[in-house]
Amino acid sequence: AQSVTQLDSHVSVSEGTPVLLRCNYSSSYSPSLFWYVQHPNKGLQLLLKYTSAATLVKGINGFEAEFKKSETSFHLTKPSAHMSDAAEYFCVVSDRGTGGSYIPTFGRGTSLIVHP
Amino acid sequence: DAGITQSPRHKVTETGTPVTLRCHQTENHRYMYWYRQDPGHGLRLIHYSYGVKDTDKGEVSDGYSVSRSKTEDFLLTLESATSSQTSVYFCAIRGGQGAQNYGYTFGSGTRLTVV
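Note that the structure is a prediction, hence the values are computed from the model and not measured.

**Student:** Summarise the packing of aromatic side chains; cite the residues concerned and give the values.
**Tutor:** For any pair of aromatic rings, the description consists of the separation of the ring centres together with the inter-plane angle of the planes. Residues and elements named next belong to chain A. Taken as a whole and judged by the stated rule, the model has 19 aromatic pairs over all chains. Both rings, one in Tyr 36 and one in Phe 106, keep their centres 6.4 Å apart while their planes meet at 40 degrees; by these two values the pair is tilted. Taken together, the positions of Tyr 36 in strand S5 (residues 32-38) and Phe 106 in strand S11 (residues 102-106) put the pair 70 residues apart, joining distant regions of the chain. With relative accessibility at 0%, the residue Tyr 36 sits in the buried group. With 4.1 Å between their ring centres and 15 degrees between their planes, Tyr 50 and Phe 67 make a pair best called stacked. On the criterion of sequence distance, the pair formed by Tyr 50 in strand S6 (residues 44-50) and Phe 67 in strand S8 (residues 64-68) is long-range, its members being 17 residues apart.

**Student:** Give a detailed account of the side chain of Gln 2 of chain A, specifying residues and quantitative values.
**Tutor:** All names here are of chain A. For Gln 2, the position within the fold is in the segment before strand S1 (3-6). Separated by 3.0 Å, the side chain of Gln 2 and the backbone nitrogen of Asp 95 make a polar contact. A polar atom in the side chain of Gln 2 sits 2.9 Å from the side chain of Thr 105. Residues in contact with Gln 2, not counting those within four places in the same chain, are Ser 26, Ser 27, Val 93, Ser 94, Asp 95, Ile 103, Pro 104 and Thr 105.

**Student:** Tell me about the sheet that holds strand S8 (residues 73-78) of chain B, and please be specific about residues and values.
**Tutor:** Residues and elements named next belong to chain B. Reading across from one edge, S1-S3-S8-S7 is the order of the 4 strands in this open sheet, with antiparallel pairing throughout. The open sheet has two edge strands, strand S1 (4-7) and strand S7 (64-70), and neither has a second partner. Averaged over all pairs of adjacent strands, the angle between strand axes in this sheet comes to 20 degrees, irrespective of strand direction. With 6 bridges connecting them, strand S3 (residues 19-25) and S8 associate as antiparallel partners. Paired with His 24 across the two strands is Asp 73, which belongs to S8.

**Student:** Talk me through the interface of chain A and chain B; I want residue IDs and the actual numbers.
**Tutor:** Taken residue by residue, the interface counts 21 residues in chain A and 21 residues in chain B. For the pair chain A and chain B, the summed buried area comes to about 1,700 Å², and 57% of that belongs to carbon and sulfur atoms. At the junction of chain A with chain B, the criterion picks out 0 salt bridges. Where chain A meets chain B, there are 6 residue pairs in polar contact (both at pLDDT 80 or more). Counting only elements with at least two residues in the side of chain A that touches chain B, the list comes to S5, S6, strand S10 (87-96) and S11 of chain A. Among the residues forming the side of chain A that touches chain B, the class breakdown is 9 nonpolar, 9 polar and 3 charged.

Scoring rules and cut-offs
Residues numbered from 1 in each chain as written. Chains lettered and ligands numbered in written order. Predicted model: local features only at pLDDT ≥ 70, side-chain atom pairs only at ≥ 80, totals over all residues. Heavy atoms only, no water. Phe/Tyr/Trp six-rings, centres within 6.5 Å; stacked < 30°, edge-to-face > 60°. Helix = DSSP H or I, 4+ residues; strand = E, 2+ residues; numbered from the N terminus. Buried < 20%, exposed > 50% of the residue type's maximum accessible area, 1.4 Å probe, protein only. Polar contact = N/O pair within 3.5 Å; in protein donor to acceptor, adjacent residues only side chain to side chain. Contact = heavy atoms within 4.5 Å. Pairing = 2+ DSSP bridges. Axes fitted to C-alpha atoms, helices over the stretch in contact; angles between N-to-C directions. Buried area = accessible area lost by both parts, 1.4 Å probe. Salt bridge = Lys/Arg side-chain N within 4 Å of Asp/Glu carboxyl O. Nonpolar A, V, L, I, M, F, W, Y, C, P; charged D, E, K, R; others polar.

Take a look at the structure:
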């Protein structure tokens, strides 16, 4: 069975400093991995995805993530935080389950707080 | 982006009444999902569908049923609503065919309050 663990429920940074949101996953096969962002009272927006191509993935708004199979990690980074980055971030793993269906599993989310 | 809409956007209902939420897609995607979002839990899968009339349970399926009679529509029904089902419900579709996965697109959500 697949699972995903977001290691921090809250991350607080100052504007202009780097962002690191940590995600570890467990999967029996070769997973697809995603990061989604959700601003308050909004829907979910895809930030970036890893689907077995390049291990360093670039997304929107300056975010990127690196797939590390040996560490089963897919951490999200950004060199310089902006106030508009304050939101909830979800790491998602998707693989083919034992029944043959593709099911995305969400982490519990990391709330990113950006201080002026 | 693939079109996906949820209705209604907001609903208040009384305990014990049945409630149906609708998810509609304008693409021809095979997979559709229903999630609920609660603080501290992320999104948890209720039910999913992998084709017309093909559905299966997720991790929090008790008290919910689904139906998919057409590719474009996936209905979620609360047979007898309870206060514990107060939540925000999201529908999602999977882009791509087979092993190709272009990502999941989510609807805008339905805020359901059971009083």
